[in-house]
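One-letter residues, chain by chain:
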Amino acid sequence: MTSATAPASPGDVGTQANGTTSGTGSQPSRASRRGASGGRASGGRASGGRQAAPRRKKPPTAAGQLLQSTWLIVVVLVLWWVLSARSTNFFIPSLQQILEALGTDLTNGVIAGGALYSLSNLFVGLAIAVVLGVGLGLVLGEVGWLRRVVDPVIHFFRCIPQAALVPLIIGTFGIGQGPKMGTIAFACFWPILLNTIDGVLGVEPTVRHFSKVYRVPKPLYFRRVVLPAALPQIVAGVRVALPIGITVMVVSEMFASTEGLGFYILNSSATFQVPQTWAGALLVGVVGYLLSVLFVFAERRLLRWYYASGAK
Amino acid sequence: MTIQDSPAAATTHVMQVRGMSMSYGTGAAFNPILQDLDLDVVAGEFVSIVGPSGVGKTTLLRCLSGLLTPQAGTITVSGDEVHGPHPDLAVVFQDYSRSLMPWMTTRENVAFPLQGKGLGKAERNALADENLAAVGLAGQGDKYPWEMSGGMQQRVAIARALAYQAKVLLMDEPFASVDAQTRFDLEDLVLKLQHELGVTILLVTHDIDEALYLADKVVVIAEKPATVVDVIETGFGEDRDQLATKADPRFAEARARIMHRLKKD
Ligand SMILES: Nc1ncnc2c1ncn2[C@@H]1O[C@H](COP(=O)(O)OP(=O)(O)OP(=O)(O)O)[C@@H](O)[C@H]1O
Ligand SMILES: [Mg+2]
């Protein structure tokens, strides 16, 4: 996080967008390929770009991608199964026990209801974050003076560890679903906002000039020019926000909650139902993984032009 | 210089520039680019502005198109003083491939500016297809710009400017980054379209031959800060040919005159 602040000029919030990624943001900077503002806009994303390089050379097919990204998981699961089979450690049950616990609680509805509760919090929270983050990011990216005014505030908030705020928010706003969604939205908002600003700053200057000379009205300009131009960056922001949201989702259910996956994990752990604790954690992982796979599919559809033109 | 003062003549002037000066930066970084520049463009005319690289041609076009506000002087387009992009102007940018949007098909790229003019979708698409056909890209509307060669992308940018139906087309070194043959083809295409559509074209280039071959009037800008150092009426008429026109003795004479002008500073 802190390292990303080095190359940026103090006025530019967007430069540090992927400072929070810890390598997850594999969205390369298109701007860096396209000169002008690119050098500035891509500053904070050097590591992301490097990771993505092989992927951009030859975009794999969806099936190929799926195979590529699943085989290692299968290997890990098999190893886990074999190595944990004879475990006598109370805190490390065999994978078989874990899966049995998972199966039981899935079929009797205990965990399924919790998952549904958790996921609905996650989706609503994430949706709020996307709408606010993209909307505000587009405006801040376009309006330089406003960006410079709010820059310190953004930096202050993005540096606060989101999970640490959970008890405060829930303490303040109560234990209902609303505050949980709000907490998730708050946590997911920052990477999306910062990446959106970054994406807007990377819009080709010639395209801006074109839009001015051809007198493209502002609403149309935002919808059909700035938004698509910034979309690769926005999608990268959402990709970063997703695991943050999942973490906050679980944590938010560990405080004065009676529902959700976080509650299930905490509750079973407190009652020494170790296989159930593992089952809950495993389920969170699986859900997160499935969501990111879904995300990749959505991304490929949404950014078809981006991958196709970038692959050239 | 062709400053005409009679009101009758002034009405045919689709663009007039008087005493325009433009600079970048302030204080120590002050960098005067254009100084006391005059320019007249008559409706239907093809005017080339020729000047060496870095002299300020793009800066001049940015002022004319309302993207930059000059420090001094006036620009009028269709009789209105320019304080921002004028609806009668369309620009083909120097880095044309970057001015096309990769998330839109070529048809969408051409049709898009028409949406801001309030045209319906069917009308927009019809105009786009019509103008794509006019630049020799019939049936290519569903392709994306990045699926096209540089020359084709330039045609798309020209089609977009034509479809906008502006009175004046400003072109910034539109053929600078294509090969010689494509360049000749595009030059002839632009000449043909200009005659067919009667549009006024102001083209900026550093290539003397190109400026002469295309234009009715060549405006030479030079020096630092740049100003108009010569205006030449070419008088080649409507029928031009890459070989014959360039072999015309008047061509050689004008060419020598421009080179001489550009050498002096
Ligand atoms: N945005 C800017 N800020 C400061 N200086 C600029 C800017 N744009 C151009 N200049 C300077 O103004 C001068 C003229 O630039 P301009 O792009 O107008 O030249 P040009 O004649 O179009 O050159 P070329 O033939 O290479 O396109 C150059 O010295 C350039 O460095
Ligand atoms: Mg230029």
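The structure this text deals with has already been given above.
In this report, we go over the structure that sits alongside the text. (Residues numbered from 1 in each chain as written. Chains lettered and ligands numbered in written order. Predicted model: local features only at pLDDT ≥ 70, side-chain atom pairs only at ≥ 80, totals over all residues. Heavy atoms only, no water.)

## Here we look at a nonpolar patch on the surface
All names here are of chain A. Spelled out, the test is: Note on patches: the residues involved have over 30% relative accessible area and no salt bridge, like charges join within 9 Å, and the nonpolar side chains Val, Leu, Ile, Met, Phe, Trp and Tyr join within 5 Å. The Shrake-Rupley method, run with a 1.4 Å probe, gives the accessible areas here. Residue values count only the displayed protein chains as cover. Salt bridges are counted wherever a side-chain nitrogen of Lys or Arg sits within 4 Å of a carboxyl oxygen of Asp or Glu. Note on conventions: DSSP H or I runs of at least 4 residues are helices, E runs of at least 2 residues are strands, and numbering of each starts at the N terminus. Between buried and exposed lies partly exposed: a residue is buried under 20% and exposed over 50% of the maximum accessible area for its type, with that area taken using a 1.4 Å probe on protein chains only.
A cluster of nonpolar residues, W71, L72, V74, V75, V76, V78, L79, W81, V82, L83 and L99, forms a patch on the protein surface that exposes about 1100 Å² of accessible area. The biggest single contributor to the nonpolar patch is helix α4 (residues 62–84), with 10 residues. The residue V75 is located in helix α4 in this model. A relative accessible area of 38% places V75 in the partly exposed class.

## Observations regarding the packing of helix α11 (residues 218–252) of chain A against helix α13 (residues 274–302) of chain A
All names here are of chain A. Rules: Orientation is described by lines fitted to C-alpha atoms, with helices fitted over the stretch in contact, and by angles between N-to-C directions that extend from 0 to 180 degrees. The scheme is simple: roughly parallel for angles under 35 degrees, roughly antiparallel for over 145, roughly perpendicular for 65 to 115, oblique for anything else. Note on convention: near helix rotated counterclockwise from far helix by under a right angle means a left-handed crossing. Clockwise means right-handed. Whether two residues touch is decided by their heavy atoms; if any such pair falls within 4.5 Å, the residues are in contact.
Packing of α11 against α13 leaves a shortest axis separation of 11 Å and a crossing angle of 165°. Between α11 and α13, the angle falls in the class roughly antiparallel. The handedness of the crossing between α11 and α13 is right-handed. Contact with α11, carried on its side by L231, V235, V238, R239, L242, I246 and V250, involves V284, G288, L291, S292, F295, E299 and L302 of α13 and no other residues of that element.

## Some words on the environment of A:G174
Residue and element names in this part refer to chain A. Considering the arrangement of structural elements, one finds G174 in the loop between α8 (162–173) and α9 (177–201). Linking G174 and L146, residues 28 residues apart in sequence, is a C-alpha distance of 33 Å. Excluding residues within four positions of it along the chain, G174 makes contact with I169 and P179.

## Observations concerning the pairing of strand β3 (residues 46–50) of chain B
Residues and elements named next belong to chain B. Spelled out, the test is: What makes two strands pair is DSSP finding at least two bridges between them.
Among the 5 residues of β3, 5 are classified as buried, and the element is accordingly described as predominantly covered. Neither face of β3 is left uncovered, since the one carrying F46, S48 and V50 and the one carrying V47 and I49 both have all their residues buried. With 5 bridges connecting them, β3 and strand β8 (residues 200–205) associate as parallel partners. Paired with V50 across the bridge in β8 is T205.

## Here we look at the site of ligand 1
Residue and element names in this part refer to chain B. The condition is simple: We call a residue near a molecule or strand whenever a single non-hydrogen atom of that residue lies within 4 Å of it. Counted as a polar contact is a pair of N or O atoms within 3.5 Å, where, for protein atoms, one must be capable of donating a hydrogen and the other of accepting one, and residues adjacent in sequence contribute only when both atoms are in side chains. Residues are grouped as follows: Ala, Val, Leu, Ile, Met, Phe, Trp, Tyr, Cys and Pro are nonpolar; Asp, Glu, Lys and Arg are charged; every other residue, Gly included, is polar.
Neighbouring ligand 1 are Y24, I33, S53, G54, V55, G56, K57, T58, T59, Q94 and E173. In the environment of ligand 1, an oxygen atom lies 3.0 Å from a nitrogen or oxygen atom belonging to the side chain of Q94. Separating an oxygen atom of ligand 1 from a side-chain N or O atom of E173 is a distance of 2.7 Å. For ligand 1, the accessible surface in isolation is 630 Å², of which the surrounding protein chains cover 60%. Of all the elements, helix α2 (residues 57–64) adds the most residues to the shell around ligand 1, at 3 residues. Each residue belonging to the shell around ligand 1 can be placed in one class, and the counts come to 3 nonpolar, 6 polar and 2 charged.

## Points about the sheet that holds β8(B)
Residue and element names in this part refer to chain B. The 6 strands are arranged β6-β7-β8-β3-β9-β10 in an open sheet whose pairing can be described as mixed. The two strands at the open ends of the sheet, each matched to only one other strand, are β6 (89–92) and β10 (227–233). Across this sheet, the average inter-strand angle for adjacent strands is 20°, counted without regard to direction. Where β3 meets strand β9 (residues 217–222), 4 bridges bridge the pair, whose relative direction is parallel. Following the sheet pairing, V47 is matched in β9 by K217. Helix α10 (residues 249–263) contacts β3, β9 and β10 of the sheet and is inclined by roughly 175° relative to β10.

## Quick look at the coordination of the magnesium ion (ligand 2)
Residues and elements named next belong to chain B. Basically, it comes down to this: Only nitrogen, oxygen and sulfur atoms qualify as donors, and only when within 2.8 Å of the metal (3.2 Å in the case of Na, K and Ca); with water excluded, sites may look incomplete.
T58 (OG1) and Q94 (OE1) make up the full set of protein donors to the magnesium ion (ligand 2), lying at 1.8 to 2.3 Å. A residue pair is termed long-range when its members are at least 10 positions apart, and T58 in helix α2 and Q94 in the loop between β6 and α3 (96–99) qualify at 36 residues. You can call Q94 partly exposed: its relative accessible area is 33%.

## A few points about the packing of helix α5 (residues 121–134) of chain B against helix α6 (residues 150–163) of chain B
All names here are of chain B. Between α5 and α6, the shortest axis-to-axis distance is 9 Å and the interhelical angle comes to 130°. The angle between the axes of α5 and α6 places the two elements in the oblique class. Crossing hand, α5 versus α6: right-handed. For the pair α5 and α6, the contacting residues are L127, N131 and L132 in the first and V156, A159, L162 and A163 in the second. A class-by-class count of the residues in the contact of α5 with α6 yields 6 nonpolar, 1 polar and no charged.

## Regarding the interface of chain B and chain A
Going by this rule: In this description, buried area is defined as the sum, over both parts, of the accessible area (probe of 1.4 Å) that is lost when the two are combined.
Counting from both sides, the interface comprises 28 residues of chain B and, opposite them, 24 residues of chain A. Counting the surface chain B buries against chain A, the share from its top three residues, B:R98, B:W103 and B:W146, is 30%. On the surface where chain B and chain A come into contact, there are 1 salt bridge. When the shortest N-O distance is used, the salt bridge between A:E204 and B:R98 registers 4.0 Å.

## Looking at the pattern of salt bridges
Residues and elements named next belong to chain B. Across all of its chains, the model carries 18 salt bridges over all chains by this definition. Note that E187 is salt-bridged to R183, the shortest N-O span being 3.5 Å. Separated by 4 residues within a single helix, E187 and R183 lie in helix α7 (residues 180–197), roughly one turn from each other. Accessibility expressed as a relative area gives 1% for E187, which makes it buried.

## Re α9(A)
Residues and elements named next belong to chain A. To keep things clear, this is the line we draw: Any helix carries an expected span of 1.5 Å times its number of residues minus one. We define the bend at any residue as the angle between the axes fitted to the seven residues before and including it, ending there, and the seven starting there.
Here α9 spans 36 Å end to end across 25 residues, near enough to the 36 Å set by a 1.5 Å rise per residue. If you look at α9, its biggest bend is around 35°, right at F189, and the proline P191 turns up within four residues after that. By the criterion of burial, α9 is predominantly enclosed, with 21 of the 25 residues buried.

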